[in-house]
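Notes for the structure review
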Amino acid sequence: MLINNAGIHYDTWEKVEDADIEGTVTEAIRTNLLGPWRTSKAFLPLLRRSRAGRIVNVSSEAGSLAQMGAGPPAYQVTKAALNALTRTLAGELLETRILVNAVCPGWVATEMGGAGGRPVGDGAAGIVWAATLPDGGPTGGFFRDGKPLPW
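What to know about the confidence of the model for the protein chain
This prediction gives the protein chain a mean pLDDT of 92; 92% of its residues lie at or above 70. The weakest mean pLDDT in the protein chain belongs to helix α3 (residues 120-131) at 88; the strongest belongs to strand β3 (residues 99-103) at 98.

Things to note about helix α1 (residues 21-49)
Taking 1.5 Å per residue, 29 residues should reach 42 Å; α1 reaches 39 Å between its end C-alpha atoms and fits that length. When we look at burial in α1, the residues that qualify are T24, V25, A28, N32, L33, P36, S40, L44 and L47. Against β1 (2-4), β2 (54-58) and α2 (73-92) lie the buried residues of α1.

Structural notes on the side chain of N57
Tracing the chain through its elements places N57 in strand β2. Only 2.9 Å separates the side chain of N57 from the side chain of N4, close enough to count as a polar contact. Aside from chain neighbours lying at most four places away, what touches N57 is N4, P36, S40, L82, T86, V100, N101, A102 and V103.

Points about the nonpolar core
Counting residues in hydrophobic clusters, the biggest one holds nine residues: L2, L44, L47, I55, L89, A90, L93, I98 and V100. Those elements that place two or more of their residues in this core are α1 and α2. Among the nonpolar cores identified, the runner-up in size contains six residues, and V58, V103, I127 and A130 belong to it.

Details of the packing of α1 against α2
At a closest axis distance of 8 Å, the pairing of α1 and α2 adopts a crossing angle of 20°. When the interaxial angle is binned, α1 and α2 end up roughly parallel. Both α1 and α2 take part in a crossing whose hand is right-handed. Residues T24, V25, A28, I29, N32, L33, P36, W37, S40 and L44 of α1 pack against A74, Y75, T78, K79, A81, L82, L85 and L89 of α2. Here the contact of α1 with α2 is built from residues that sort into 13 nonpolar, four polar and one charged.

Section: the sheet that holds strand β4 (residues 142-144)
The mixed open sheet is built from five strands, whose spatial order is β1-β2-β3-β4-β5. Edge strands, defined here as strands with exactly one partner in the open sheet, are β1 and β5 (147-148). One ladder, built from three bridges, connects β1 with β2; its direction is parallel. Across the sheet, residue L2 finds its bridge partner in β2, namely I55. In the packing of α1 onto the sheet, the strands contacted are β1 and β2, and the crossing angle to β1 comes to about 180°.

What counts as what
Residues numbered from 1 in each chain as written. Predicted model: local features only at pLDDT ≥ 70, side-chain atom pairs only at ≥ 80, totals over all residues. Heavy atoms only, no water. pLDDT = per-residue confidence, 0-100. Helix = DSSP H or I, 4+ residues; strand = E, 2+ residues; numbered from the N terminus. Expected span 1.5 Å × (residues − 1). Buried < 20%, exposed > 50% of the residue type's maximum accessible area, 1.4 Å probe, protein only. Contact = heavy atoms within 4.5 Å. Polar contact = N/O pair within 3.5 Å; in protein donor to acceptor, adjacent residues only side chain to side chain. Core = buried A, V, L, I, M, F, W, Y, C linked by side-chain atoms within 4.5 Å. Axes fitted to C-alpha atoms, helices over the stretch in contact; angles between N-to-C directions. Parallel < 35°, antiparallel > 145°, perpendicular 65-115°, else oblique. Left-handed = near helix turned anticlockwise from the far one by under 90°. Nonpolar A, V, L, I, M, F, W, Y, C, P; charged D, E, K, R; others polar. Pairing = 2+ DSSP bridges.

Laid out in structure tokens, this is it:
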């Protein structure tokens, strides 16, 4: 299994019109989208040899187009792109035994999430669920706590 847990720049201090494209936005693209993409690409040969390959992209409901409005622009846009990568890769791997899903752990009390969020174990439980899905389980989905989220 591969768990792509990359997240940087919950950039509440920016708006689209004044976002630092060369700094914050580019770094968020490299970390939140290209990091998981490159890592998935590198691990696919090994996952193809597995009897039950799993790729879990740790995303955020902030990347849900159904829920999106004003908010941290670099973070929202890159997590939406990660969700699109999840769907694209799942579609490409549909005829294999590799399941690819995105999981939002919710607001978790981490260095990035800050105090007041869910305990780390609660956020991680949905990621573990997706990483250990049985053959024939969902692929190309977006989940929190094992329940579908709107794209």
